[in-house]
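What follows is the residue order along each chain.
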Amino acid sequence: MQAIVYTEYGPPEVLQLKEVAKPTPKDDEILIKVQATSLNRSDWEGLIGKPLYARLGGLRRPARSILGSDIAGRVEAAGAKHTKFKPGDEVYGDILSQMGGFGEYVCVRGSVMALKPAGLSFAEASAIPQAGVIALQGIRDQGQVQPGHKVLINGAGGGGGMFAIQLAKLYGAEVTGVDNTGKLEFMRSLGADHVIDYTREDFTKSGKQYDLILDLFAHRSAFALARALSPTGSYFAVGGSVTTLLQIALGGPLIGRRTGKKVRVLIVQPNSIDMATVAELCATGKIVPVIDREFPLSAVPEALQYLGDGRVKGKAVIKVQPG
Ligand SMILES: NC(=O)c1ccc[n+]([C@@H]2O[C@H](COP(=O)([O-])OP(=O)(O)OC[C@H]3O[C@@H](n4cnc5c(N)ncnc54)[C@H](OP(=O)(O)O)[C@@H]3O)[C@@H](O)[C@H]2O)c1
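A few points on the structure. Being a predicted model, the structure only gives us computed values, none of them experimental. Every residue gets a number counted from 1 within its own chain, in the order that chain's sequence is written. Per-residue local features are limited, in this predicted model, to residues with pLDDT of at least 70; the limit for side-chain atom pairs, both in listing and counting, is 80 or more; totals at the level of whole chains, interfaces and linings are taken over all residues. Side-chain descriptors were evaluated using all non-hydrogen atoms of the structure, hydrogens and water having been removed beforehand.

### Some points on the packing of helix 1 (residues 41-48) against helix 9 (residues 300-308)
Two elements in contact, helix 1 and helix 9, have axes whose closest approach is 10 Å; the angle formed by their N-to-C orientations is 105°. The orientation of helix 1 with respect to helix 9, classified from their angle, is roughly perpendicular. In this structure, helix 1 contributes Arg41, Asp43, Trp44 and Leu47 to the contact, and helix 9 contributes Leu304, Gln305, Leu307 and Gly308. Classification convention: Asp, Glu, Lys, Arg as charged; Ala, Val, Leu, Ile, Met, Phe, Trp, Tyr, Cys, Pro as nonpolar; all other residues, Gly among them, as polar. Considering only residue class, the contact of helix 1 with helix 9 consists of 4 nonpolar, 2 polar and 2 charged. Axis definition: a line fit to C-alpha positions, over the contact stretch in the case of helices; interaxial angles, taken between N-to-C directions, run 0 to 180 degrees. Helix and strand definitions here come from DSSP, where helices need a minimum of 4 consecutive H or I residues and strands a minimum of 2 consecutive E residues; each element is numbered from the N-terminal end. Here the word oblique covers every angle except those under 35 degrees (roughly parallel), over 145 (roughly antiparallel) and from 65 to 115 (roughly perpendicular). Residue contacts are counted whenever heavy atoms from the two residues lie within 4.5 Å of one another.

### Re the sheet that holds strand 12 (residues 229-237)
Pairing between strands requires that DSSP locate at least two bridges from one strand to the other. Reading across the sheet, the 6 strands line up as 10-9-8-11-12-13 and stay open at both edges, with parallel pairing between neighbours. Either end of the sheet is taken by a strand with one partner, and the two such strands are strand 10 (194-197) and strand 13 (262-265). The mean angle between the axes of side-by-side strands here comes to 15°, regardless of whether they run parallel or antiparallel. Sheet analysis places strand 9 (residues 174-179) next to strand 10, joined by 4 bridges and oriented parallel. For Thr176, the partnering residue across the bridge sits in strand 10 and is His194. Here helix 4 (residues 159-170) sits on the sheet in contact with strand 8 (150-154), strand 9 and strand 11 (210-215), set at roughly 175° to strand 8. In this fold helix 7 (residues 242-259) packs onto strand 12 and strand 13, with an angle of close to 160° to the strand it touches most, strand 13.

### Quick notes on helix 8 (residues 272-283)
Taking 1.5 Å as the rise per residue, helix 8 with 12 residues should run 16 Å; its terminal C-alpha atoms sit 16 Å apart, in good agreement. Accessibility here uses a 1.4 Å probe with only protein chains present; expressed as a share of the type maximum, an area under 20% marks a residue as buried, one over 50% as exposed, and anything in between as partly exposed. Those residues of helix 8 lying buried are Asp274, Met275, Val278, Ala279, Leu281 and Cys282. Burial along helix 8 is one-sided: seen end-on, the buried residues are contained in an arc of 160°. Contact partners of the buried residues in helix 8: strand 5 (90-94), strand 7 (113-115), helix 3 (129-142) and helix 4. If you check the start of helix 8, you find a side-chain oxygen 2.8 Å away from the backbone N of Ile273, and it comes from Asn271. Taken from the residues just after helix 8, Gly285 is the one with a positive phi, measuring 80°. One less than the residue count of a helix, multiplied by 1.5 Å, gives the span that helix is expected to have. As used here, the arc is the angular range of directions from the helix axis to the C-beta atoms. The term polar contact refers here to a pair of N or O atoms within 3.5 Å; inside protein, the definition further demands a hydrogen-donor-capable atom paired with an acceptor-capable atom, and it admits residues adjacent in sequence only when both atoms are side-chain atoms.

### Examining the environment of Gly46
Position of Gly46 relative to the elements: it lies in helix 1. Distance from Gly46 to Gly58, taken between C-alpha atoms, is 10.0 Å for residues 12 residues apart in sequence.

### Considerations on the nonpolar core
What we call a nonpolar core is a set of buried Ala, Val, Leu, Ile, Met, Phe, Trp, Tyr and Cys residues that are connected through their side-chain atoms within 4.5 Å. Ile128, Ile139, Val151, Ile153, Phe163, Ile165 and Leu214 are the most contacted members of the largest nonpolar core, which has 46 residues in total. Residues Leu39, Ile71, Val75 and Phe102 belong to the second largest nonpolar core, which totals 41 residues.

### Some thoughts on the side chain of Gln130
Here Gln130 shows up in helix 3. Within the structure, the side chain of Gln130 is placed 3.4 Å from the side chain of Ser42, a separation counted as a polar contact. Beyond its immediate chain neighbours, meaning those up to four positions away, Gln130 contacts Asn40, Ser42, Ser69, Asp70, Asp94 and Leu96.

Right, dumping it as structure tokens:
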């Protein structure tokens, strides 16, 4: 089978399209013929090996040779002890713990996959797993957004942010989206009531306060972030620089004791039930999985460069099978 492989951290040029062995499912696994794989920031981080947490399991060289974690495809075969899916089922899921979505076939445990709703294309379904679950757990579970809440989403023009804006609006919040100049219109089109260009304005210095800040790109000091929270507000960092995430993890409880505000790192729990909740909202048209661009498997390096350059609005998808 064909796959995009790499053996060293670096720019997209280290990726190569190669012929590799087609995997065989273990007893508890299914073999999936991958139709579409959406890109995540974690693919870019896994390629370049930064921030440091991207090297977990492979400090000097990547532990896995094929990236790609949010997949949708058809079950081609099931292991002898597998009972959840059968050949022909159309499934989608998050395989971040093992990767392998930039290849024509992958073997996975069935527990991380769910049946694809008939109303969604493979590309749309592949856009949901990580980004949708980040948004649902940030907005609904940890954020507990209620009608009238003022919610700010930092990094709102990317994958997680695209779903977070729409979910916060669905729960009745007044939403502010923060991202670069090229993504302001995109955030408005998703329903953001206010937008801030991070290249021109620091939202922690505006004097405005929010009931919830969901931060997909944490890089400001925990104290500055706390200032932007209402007296009972909560801040959750999902991704960002390791230094900032550590500062928030260590300093957050101290800030909480002093101010009563919640400042935390959100550890997202991959979960096929949450994934299916977001997919159902997409299938029924309540929210939209926006796909900015589709690329063929051979163009994974170009697609990752597009993501690394900060140009993806919502999600970019690799159509692993042509047509
Ligand atoms: N905590 C967990 O358990 C967990 C689980 C899964 C993933 N993650 C992490 O979650 C993060 C976000 O995921 P995602 O898929 O939504 O990423 P994404 O699609 O890359 O979106 C991030 C957005 O942040 C923007 N951004 C960059 N610099 C910014 C700044 N200084 N201020 C405001 N926005 C800025 C980016 O815009 P540009 O285009 O300008 O760069 C991009 O639009 C990733 O770092 C990922 O590794 C965490």
